[in-house]
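Here is how the chains run, residue by residue.
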Amino acid sequence: MNNNIKYRLEFSKTDRMIFIGHLDLLKFLQRTMKRAKLPIGYSWGYNPHQLITFAIPLPLGMSSVGEIVDIQLTQRMDRDEIKNRLNENLPEGISVLQVIELEFRTASCAAAVAYADYCITLYKKYDNFDEIINKVLEKKEIYIERTVKKKTKTVDIRPLIRSICVDNTGDVTEFNCNIATGSQGNLKPEVLLEYIYSLMGESPDMVRIDILRGTLYTEEEGVLLPLCPEEEFM
Amino acid sequence: MLKEILLQVEKPARYIGNEINMVIKKPEDTDIRFAFCFPDVYEVGMSHLGLQILYYFLNRREDTYCERVFAPWHDMEQKMREMKMPLFALETGDELKKFDFVGFTLQYEMSYTNIVNMLDLAGIPIWSRDRIEEDPIIIAGGPCAYNPEPLADIIDMFYIGEGEVSYDRLLDLYKENKKNGGTKEDFFEKALGVEGIYIPKYYDVEYNEDGTIYSFRPNNKKAPSVIKKVIVKDMDKAFYPDKQLVPLIETVHDRVTLEVFRGCIRGCRFCQAGYVYRPVREKSTDRLLKLADSLIENSGHEEISLISLSTGDYRGFKELAGELIDRYAEDKVSISLPSLRIDAFSLELMEKVRAVRKSGLTFAPEAGTQRLRDVINKGITEKEILDGCKLAFDGGWTRVKLYFMTGLPTETDEDLMGIVHLSDAILDKFFEIPKEERKGRPISVTVSSACFVPKPFTPFQWTAQSTVDEFVRKQRFVKHNMTRKQVKYNYHEPELSSLEGVLARGDRRLSKVIVRAWELGAKFDSWSEFFNYDAWLQAFEDTGCSKEFYANRERSYDEILPWDHISIGISKQFFIDEMERARAGQVTPNCRKKCAHCGAASFGGGVCFE
Ligand code: SF4
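Sequence order sets the numbering: in each chain, residues are counted from 1 along the sequence as written. Chains and ligands are labelled by the order in which they are written, letters from A for the one and numbers from 1 for the other. Per-residue local features of the predicted model are confined to residues with pLDDT of at least 70, and side-chain atom pairs are confined, for both listing and counting, to 80 or more; whole-chain, interface and lining totals are unaffected and use all residues. The basis for every side-chain value is the complete set of heavy atoms in the structure, and neither hydrogens nor water enter the calculation.

**So, the overall build of chain A**
Only DSSP runs of H or I reaching four residues or more are called helices, and only runs of E reaching two or more are called strands; each is numbered from the N terminus. For chain A, the count of helices and strands is 5 helices and 11 strands. We take the radius of gyration over the C-alpha atoms and set the globule estimate at 2.2 Å times the residue count to the 0.38 power. Taking 2.2 N^0.38 as the reference for a compact globule, 234 residues should give roughly 17 Å; the C-alpha atoms of chain A span a radius of gyration of 19 Å, in line with that estimate. Expressed as lengths along the three principal axes of its C-alpha atoms, the size of chain A is roughly 55 × 40 × 35 Å. Burial classification: accessible surface area is computed with a 1.4 Å probe over protein chains only, and a residue below 20% of its type maximum counts as buried, one above 50% as exposed, and the rest as partly exposed. Across the 234 residues of chain A, 49% fall into the buried class. The contact criterion used is simple: two residues touch if any of their non-hydrogen atoms lie within 4.5 Å. Long-range contacts, defined here as pairs at least 24 residues apart, represent 72% of the contacts in chain A between residues at least 6 apart. Accessibility throughout is a Shrake-Rupley quantity obtained with a 1.4 Å probe, and a residue counts as covered only by protein chains that appear here. Here chain A has roughly 12,200 Å² of accessible surface; of this, 48% comes from carbon and sulfur atoms.

**What about the overall build of chain B?**
Counting its secondary structure elements, chain B contains 20 helices and 19 strands. Radius of gyration (C-alpha) of chain B: 24 Å, near the 25 Å computed for a compact globule of 610 residues. Its C-alpha atoms give chain B principal-axis dimensions of roughly 80 × 65 × 55 Å. Considering only intrachain contacts with a sequence separation of at least 6, the fraction spanning at least 24 residues in chain B is 77%. As displayed, chain B offers around 24,100 Å² of accessible surface, 49% of which is attributable to carbon and sulfur atoms. Looking at charge distribution, chain B has the averaged site of its 84 positive side-chain charges lying 3 Å from that of its 97 negative ones. The positive count covers Lys and Arg only, the negative count covers Asp and Glu only, and His and the chain ends enter neither. Each charge is placed at NZ for Lys, CZ for Arg, CG for Asp and CD for Glu.

**Side note on the sheet that holds strand β14 (residues 334–336) of chain B**
Residues and elements named next belong to chain B. Strands are treated as partners if at least two bridges between them are detected by DSSP. What the 3 strands build is an open sheet, ordered β10-β13-β14; its pairing is parallel. Unpaired on one side and paired on the other, β10 (256–259) and β14 mark the two borders of the sheet. The sheet shows a mean angle of 25° between the axes of neighbouring strands, taken without regard to direction. In the sheet, β10 pairs with strand β13 (residues 303–307) via 4 bridges, with the strands oriented parallel. Residue Leu258 lies in a different strand from β13, and its bridge partner there is Leu306. Whenever a helix is involved, its axis is fitted only over the stretch in contact; in every case the axis is a line through C-alpha atoms, and angles between N-to-C directions fall within 0 to 180 degrees.

**A closer look at the interface of chain A and chain B**
Each partner contributes to the interface: chain A provides 25 residues, whereas chain B provides 30 residues. Joining two parts hides part of their accessible area as seen by a 1.4 Å probe, and the buried area is that hidden amount summed over both. Counting the surface lost from both chain A and chain B, the interface buries some 2,400 Å², and carbon and sulfur atoms represent 57% of this. It is Arg16(A), Phe19(A) and Arg31(A) in chain A that bury the most area against chain B; as a group they hold 30% of the surface buried on that side. One side-chain nitrogen of Lys or Arg within 4 Å of one carboxyl oxygen of Asp or Glu is enough to make a salt bridge. Inspection of the region where chain A meets chain B yields 6 salt bridges. Here a polar contact means two N or O atoms within 3.5 Å. Within protein one must be a hydrogen donor candidate and the other an acceptor candidate, and residues neighboring in sequence count only if both atoms are side-chain atoms. Summed over the shared surface of chain A and chain B, the result is 10 residue pairs in polar contact (both at pLDDT 80 or more). In terms of residues, the side of chain A that touches chain B owes the most to one element, helix α1 (residues 22–35) of chain A, which gives 6 residues. All amino acids are sorted into three groups, where Ala, Val, Leu, Ile, Met, Phe, Trp, Tyr, Cys and Pro are nonpolar, Asp, Glu, Lys and Arg are charged, and the leftover types, Gly among them, are polar. Looking at the side of chain A that touches chain B residue by residue, the classes come out as 12 nonpolar, 3 polar and 10 charged.

**Concerning the state of the cysteines**
The disulfide criterion is simple: two cysteine sulfur atoms within 2.5 Å. Under the criterion given, the structure shown has 0 disulfides over all chains. Cys228(A) takes part in no disulfide bond, and the closest cysteine sulfur, belonging to Cys109(A), lies 9.6 Å away. Overall, the relative accessible area of 4% leaves Cys228(A) in the buried class. With no disulfide of its own, Cys389(B) lies 19 Å from the sulfur of Cys268(B), the closest cysteine sulfur. Judged by relative accessible area, which is 0%, Cys389(B) ranks as buried.

**Some details on the side chain of Ser511(B)**
Residue and element names in this part refer to chain B. With respect to the secondary-structure elements, Ser511 resides in helix α17 (residues 510–519). What makes Ser511 buried here is its relative accessible area of 0%. Once residues within four sequence positions are removed from consideration, Ser511 is found in contact with Trp127, Glu149, Pro150, Leu151, Ala152, Asp153 and Ile154.

**Overview of the sheet that holds strand β2 (residues 64–70) of chain B**
Residues and elements named next belong to chain B. One open sheet holds the 6 strands; their spatial order is β2-β1-β3-β4-β5-β6, and the pairing between them is mixed. Of all the strands in the sheet, just β2 and β6 (197–198) have a single pairing partner and so form its edges. Relative to β6, strand β5 (residues 157–159) runs antiparallel, the two sharing 2 bridges. Within β6, the residue paired with Tyr159 across the bridge is Ile197. Lying over the sheet, helix α5 (residues 112–121) contacts β1 (32–38), β2, β3 (101–105) and β4 (137–141), oriented at roughly 160° with respect to β3. Helix α6 (residues 163–179) rests against β1, β2, β3, β4, β5 and β6 of the sheet, and its axis sits at about 145° to β5.

**Concerning the domain arrangement of chain A**
Residue and element names in this part refer to chain A. Considered domain by domain, chain A is made up of domain 1 (5–112) and domain 2 (115–225). A C-alpha centroid distance of 27 Å is found between domain 1 and domain 2. With 12 residues of domain 1 in contact, the opposing surface of domain 2 contributes 14 residues. Around 990 Å² of area is buried between domain 1 and domain 2 when both sides are counted, 57% of it from carbon and sulfur atoms. A per-residue breakdown of the area domain 1 buries against domain 2 is headed by Ile56, Met62 and Ala112, which together make up 45% of the total. At the surface where domain 1 touches domain 2, the tally comes to 1 salt bridge. Of the charged contacts, one joins Glu67 and Arg213 as a salt bridge, the two residues approaching to 3.0 Å between their closest N and O atoms. On inspection of domain 1 and its partner domain 2, the count reaches 8 residue pairs in polar contact (both at pLDDT 80 or more). Residue contributions to the side of domain 1 that touches domain 2 peak at 6 residues, all from strand β3 (residues 63–73). Taken together, the residues that form the side of domain 1 that touches domain 2 break down as 8 nonpolar, 3 polar and 1 charged. Where each domain begins and ends follows an automated or database-derived domain assignment.

**Looking at the site of the ligand**
Taken together, Arg278(B), Pro279(B), Cys591(B), Cys595(B), Ala596(B), His597(B), Cys598(B), Ala600(B), Ala601(B) and Cys608(B) make up the full set of residues adjacent to the ligand. Counted by class, the shell around the ligand contains 8 nonpolar, 1 polar and 1 charged residues. Here a residue is considered near a molecule or strand provided that any single heavy atom belonging to it is located within 4 Å of it.

**Concerning the packing of aromatic side chains**
All names here are of chain B. Working definition: a ring pair exists when centres of Phe, Tyr or Trp rings (six-membered ring for Trp) sit within 6.5 Å. Plane angles under 30 degrees give stacked, over 60 give edge-to-face, the rest tilted. All told, the structure shown has 30 aromatic pairs over all chains when counted by the stated rule. Arranged with centres 5.1 Å apart and planes meeting at 75°, the rings of Tyr42 and Phe70 form a pair that is edge-to-face. Of this pair, Tyr42 sits in helix α2 (residues 42–45) while Phe70 sits in strand β2, and the two are 28 residues apart along the sequence. Given the relative accessible area of 7%, Phe70 is considered buried. Pairing Tyr489 with Tyr491 gives two aromatic rings, centres 5.3 Å apart and planes at 40°, and the pair type is tilted.

**Re unusual backbone geometry**
A cis amide bond links Arg278(B) with the next residue in sequence, Pro279(B), at an omega value of -10°. By secondary structure assignment, the location of Pro279(B) is in the loop between α8 (272–276) and β12 (281–282). With a phi angle near 50°, Asp15(A) is a residue other than glycine that sits in the positive phi range. Checked against the element boundaries, Asp15(A) lands in the loop between β1 (5–13) and α1. For Asp15(A), a relative accessible area of 51% gives the class exposed. At His597(B), a position not held by glycine, the phi torsion is positive, near 55°.

What follows is the structure, given as structure tokens:
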């Protein structure tokens, strides 16, 4: 046991910073915390490392406004102070949106994360996109083939989709979806896109599609709760 | 468009800048835009200390914005060419043509084709004479600039020496000239008066029938007949950044670097760096500790590396290392000490700093016999190496790396056998330890041999380099005799070293060979997956230049060498004397033991006045 205080940070990763991969981001945040002179908690042992846990890695190339990371500090600090000190030390493209203090026993964000919002922009206009999405949502089961470690298996992804809503008013096609994300069940937005495009008889050109990850949620008795709730909900 | 491209290339973070401590300025608020170009891939360039220093040095001027440019990896280059996207600087993303200066750092000869490639990608004419008023001024510096001639037709002006000295004056002149409506030509002529600046087009070369140089003369009254390098006299007063660019992706050396001193007291006769950076100039321990603190504070790095040509020679080394270890234990900052000689003290230190895993211990005897080590003035004896190994084995180190060179002047097969004997002796030292007392993993000895490349401004500048065939024979000979299974033998590609030998001692006729090799597809030559020897051979043939003339020919002392108009402050006579001492197997003591009066005292500082 240690006397560390746990904090949960929500941050955005956008613009040029989307090209930083997960492991590099980890190192980058560790250095940022050092520069910000936070009283960082370290693990024990011969090779101590900073205690830091990500909810779920963000793939390179994807933007996010809802990344979650849990950190441990050796002293209690004002949440705004943590946020400000970090933001002063972060380059354009990454910024801490909010900080909450956790009870020590709270499950780590990696264990808790269950769903994520995504906002997906297709830089092409598909007039019948509403219909296609309705078709998707009407289905009771959606079997797709997935190859994991050279073995192909069929999985039903329908239970992993909570909602999809389309905004087809602009000159591009945009939709929001809430899908399973985490160790309990995980649907990659690319896989969903692949399926939707197959219904249109096309395959997605990922270079011309923007994916923005939004809020990450945990699930309690069927209800989704943001992993990093805003103050008034606490 | 950039985003689209970046989604399709390997390691896109190479091209986005945005690192910690990146300098952000509005170009329109500055008078001078300087593109610092490193002609290799991002991860290599960002690990280079000179870049870090010059970047902040130039940017400390309010009127100047220095940005960075690296050689795009081949996948990126292909996309850029497809999309007709010109080479850009990381800070603003602006193309190189918008800059006043495009500056290349010349760290190794085998990066020259990348320079040509980068100019081409930027849409800037490759030949200096083809550039117009609107094109940027192409300037180059760094260790290879001490023989600038192979790039003389490509680069507009060379900076000979350390950047901190003359850049302010040069940039002031540029700004003033621009304000007064002067042309580029006006600026070049004025720059002839700046110490350390060499502008090749103001010099004419004539050749003898045998291809050697007949005369090398200025064709402009203002052009100095000899250009002497400029160096910092007092390292404590010289500029050094208190921060460092911290890359967002892993680079070759992912750490803070603290330069302890410049130069080297040792005088190994094959080592160009050991001569061109003379004399040794140290920073005070006080200053180093202060710098270390701010560098770590401003970077958040978990490792600090003490850099110099031979860090253990720093007079305050014990004090400095001890203090750093004490200071940073708490903050989990580790200290790395490359280029240490192995003795009881350094082993104890390494134990403390944990920077070297128990696995690796490095010795650089360079030659296999004491005779040859005396020839090259490498002051390390077999006994020292074996004693060091014994200490290391007792401490649990079981992996030994040995660095040698083949093709050294006067080398015989006996010397090559010496490489085998020395590695065997090290093994025996290990097996002398009773089995039950041996610590760590099973012993392994890795022997690497590089191919010797004679370099300008060394006593060996006149000697013939071994041919590729000779190198191959020597490597086979060593390999054949290296019979013990615990010894692993690695060797360098002789083709690459042979070309390096050509470019290192080349004259200006080689500019066309470099460009031709690039036309035939050569780039990233120092990367074995790209190295294209055939393109180079073809380039020599197409341009009518002889590779052997440059690499494998012994020069006489009275020949005009292509770099004779450059002065590093050491007299030619000193090098001749050193060459003769080498032939006689006589060693020359290091600067601290006894001054050899090389001439570097003329700079008025450093070890010559300790
Ligand atoms: S003048 Fe003497 S002390 Fe100075 S660099 Fe030369 S040999 Fe060393």
